[in-house]
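What follows is the residue order along each chain.
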Amino acid sequence: MAGKVRVYGKAQNRTALGIAHSYVVMYPHATLEDLRKAFPDSLNPDCGVKSLFLPVSEAESFNDKISLYFTKPDEVITLSDGTKVAIAQVWSKPSFNRMVEQGKLYDIEVAEFEKTAHPGQRGGYRLEYLNGYIPPVPEEKKKSGLPMWVWIAVVLLLLGLIGWLAFGGKSEPEVIEVEKIVEKEVIVRDTVFIQQIEEIEKNFNAAKFEVNRADLNDDAKLALHDLAKVMRQNPNLRLSIEGHTSSEGSDQANRKLSEARAQAAVAFLVGKEGIDSARLSATGYGSERPISDNPEENRRTEFRVIE
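Residues numbered from 1 in each chain as written. Predicted model: local features only at pLDDT ≥ 70, side-chain atom pairs only at ≥ 80, totals over all residues. Heavy atoms only, no water.

Asks: Pulling in residues and values, what's your account of the overall build of the protein?
Replies: The helix and strand inventory of the protein stands at nine helices and nine strands. Split into buried and exposed, the 307 residues of the protein put 43% on the buried side. Here the contacts in the protein between residues at least 6 apart in sequence split such that 74% fall between residues at least 24 apart. About 18100 Å² of surface is accessible on the protein, with carbon and sulfur atoms providing 54% of the total. (Helix = DSSP H or I, 4+ residues; strand = E, 2+ residues; numbered from the N terminus. Buried < 20%, exposed > 50% of the residue type's maximum accessible area, 1.4 Å probe, protein only. Contact = heavy atoms within 4.5 Å. Areas by Shrake-Rupley, 256 points an atom, 1.4 Å probe, with all protein chains shown as cover.)

Written out as structure tokens, the structure is:
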């Protein structure tokens, strides 16, 4: 099956936004319900919200408590009926991969992540149309009264009559050519240092905590030192540090341990690296958000960008 649209992304979450936007480009009369059917909530069970898509007004109310939806004007999807839709912004690697596979059902491809063009840019995506594909142009809703072609004909007759009267009926009839040019917007968005942060996250998790301990070893501190550099280079960058454990042990003990590990990372960034505490938050989820059947992969700490 030949692809029709390719999404070039610079971050997982905004590439997921690009896939959803591609669907709306290809199906311009899609409703919010259509969008939810095309990309069901089950694709991203760890997004932290019940629905991947919400009207922007509802998403903004939700974000008053914790920012989990894209709601900025250049991040929302506008449907043909005028509804502005926000998509969840938290995407783990497994959930993102499911979104990519779902997009293929609608001839939407995803390219490899592009490298950051300039420091300080925010994550983003752009769309490319493939194999001669031209997105459909949504038809305007029919209005009551005479059809549009009748009005155009009347206007042209009136213009012809005025010209005939003005020039005594001697001039050659004027040929009026009407050309409609439709330009399709290809959205290009900026990027955050997503790839750098993901690499630092890998290094931090590779350092590993001792069993039932939340003390940072030298390798973990080195990874956090690199993270502090990125945050100093990007003064508007805010992070949520989230601890996770395997399902071994009690839920209460796992949550407490994951919180302690996340807090240890925040305490180091604030106390040793001088990062403003207002730019950081720490949360422990225990074992409630597994990403694999392998317990080792579930013992992890994630650095999530707060938009």
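Next comes the rest of the account.
Asks: Tell me about helix α3 (residues 56–63), residues and numbers included.
Replies: Along α3, the residues classified as buried are Val-56, Ala-59 and Asn-63. One side of α3 holds all its buried residues, which, seen down the axis, span an arc of 60 degrees. Buried positions along α3 lie against β2 (53–55) and β4 (84–87). (Arc of directions from axis to C-beta.)

Asks: Report on the packing of aromatic side chains, specifying residues and quantitative values.
Replies: Applying the stated criterion to the full structure yields nine aromatic pairs. On the numbers, 5.9 Å between centres and 75 degrees between planes, the contact of Phe-204 with Phe-209 is edge-to-face. The exposure classification of Phe-204 matches that of Phe-209, with both residues buried. For the pair Phe-204 and Phe-303, a centre-to-centre distance of 5.5 Å together with 55 degrees between the ring planes defines the contact as tilted. Of this pair, Phe-204 sits in helix α6 (residues 194–207) while Phe-303 sits in strand β9 (residues 300–306); the two residues are 99 residues apart in sequence, bridging distant segments of the chain. The same class applies to Phe-204 and to Phe-303, which are both buried. Among the aromatic residues, ring-to-ring pairing joins Tyr-23, Tyr-27, Phe-39 and Tyr-106 into one connected group. The cationic tip of Arg-126 hangs over the ring face of Tyr-8; the distance from NZ or CZ to the ring centre is 4.1 Å. (Phe/Tyr/Trp six-rings, centres within 6.5 Å; stacked < 30°, edge-to-face > 60°. Lys NZ or Arg CZ within 6 Å of the ring centre and 35° of its normal.)

Asks: A description of helix α1 (residues 12–26) should follow, citing residues and the corresponding values.
Replies: For α1, which comprises 15 residues, the first-to-last C-alpha distance of 21 Å matches the rise-based estimate of 21 Å (1.5 Å per residue) to within 8%. Most of α1 is tucked away, with 15 of its 15 residues classed as buried. (Expected span 1.5 Å × (residues − 1).)

Asks: Lay out the packing of α1 against helix α4 (residues 93–104) in plain terms, naming residues and giving numbers.
Replies: Running from N to C, α1 and α4 point in directions that differ by 20 degrees, and their axes come no closer than 10 Å. In terms of their interaxial angle, α1 and α4 are classed as roughly parallel. Two packed elements cross with a definite hand, and for α1 against α4 that hand is left-handed. Taking contact as the criterion, the partners of Gln-12, Thr-15, Ala-16, Ile-19 and Ala-20 in α1 are, on α4, Lys-93, Phe-96, Met-99, Val-100 and Gly-103. Broken down by class, the residue content of the contact of α1 with α4 amounts to six nonpolar, three polar and one charged. (Axes fitted to C-alpha atoms, helices over the stretch in contact; angles between N-to-C directions. Parallel < 35°, antiparallel > 145°, perpendicular 65-115°, else oblique. Left-handed = near helix turned anticlockwise from the far one by under 90°. Nonpolar A, V, L, I, M, F, W, Y, C, P; charged D, E, K, R; others polar.)

Asks: Describe the nonpolar core, naming the residues involved and giving the relevant values.
Replies: Among soluble globular proteins, nonpolar side chains are generally buried collectively. Tyr-23, Phe-39, Phe-53 and Met-99 are the most contacted members of the largest nonpolar core, which has 42 residues in total. When contributions to this core are tallied by element, the ones reaching two or more residues are β1 (5–9), α1, α2 (32–38), β2, α3, β4, α4 and β6 (125–129). It is α1 that contributes the most residues to this core, eight residues altogether. When neighbours within four sequence positions are excluded, Phe-53 is seen to be in contact with Ala-20, Leu-32, Leu-35, Arg-36, Phe-39, Val-85, Ala-86 and Ile-87. Core analysis: the next-biggest nonpolar cluster, separate from the first, contains 28 residues, Ile-200, Ala-207, Leu-224 and Val-305 among them. (Core = buried A, V, L, I, M, F, W, Y, C linked by side-chain atoms within 4.5 Å.)

Asks: Kindly report on the pattern of salt bridges, identifying the contributing residues and their values.
Replies: Considering all chains together, one arrives at 14 salt bridges under this definition. In this structure, the salt-bridge partner of Arg-6 is Glu-109, at a minimum N-O distance of 3.1 Å. With Arg-6 in strand β1 and Glu-109 in strand β5 (residues 108–110), this pair connects stretches of sequence that are 103 residues apart. Glu-109 sits in the partly exposed class, given a relative accessible area of 28%. A salt bridge links Lys-208 to Glu-296; its shortest N-O distance comes to 2.8 Å. Taken together, the positions of Lys-208 in the loop between α6 and α7 (218–233) and Glu-296 in helix α9 (residues 295–298) put the pair 88 residues apart, joining distant regions of the chain. You can call Lys-208 partly exposed: its relative accessible area is 46%. (Salt bridge = Lys/Arg side-chain N within 4 Å of Asp/Glu carboxyl O.)

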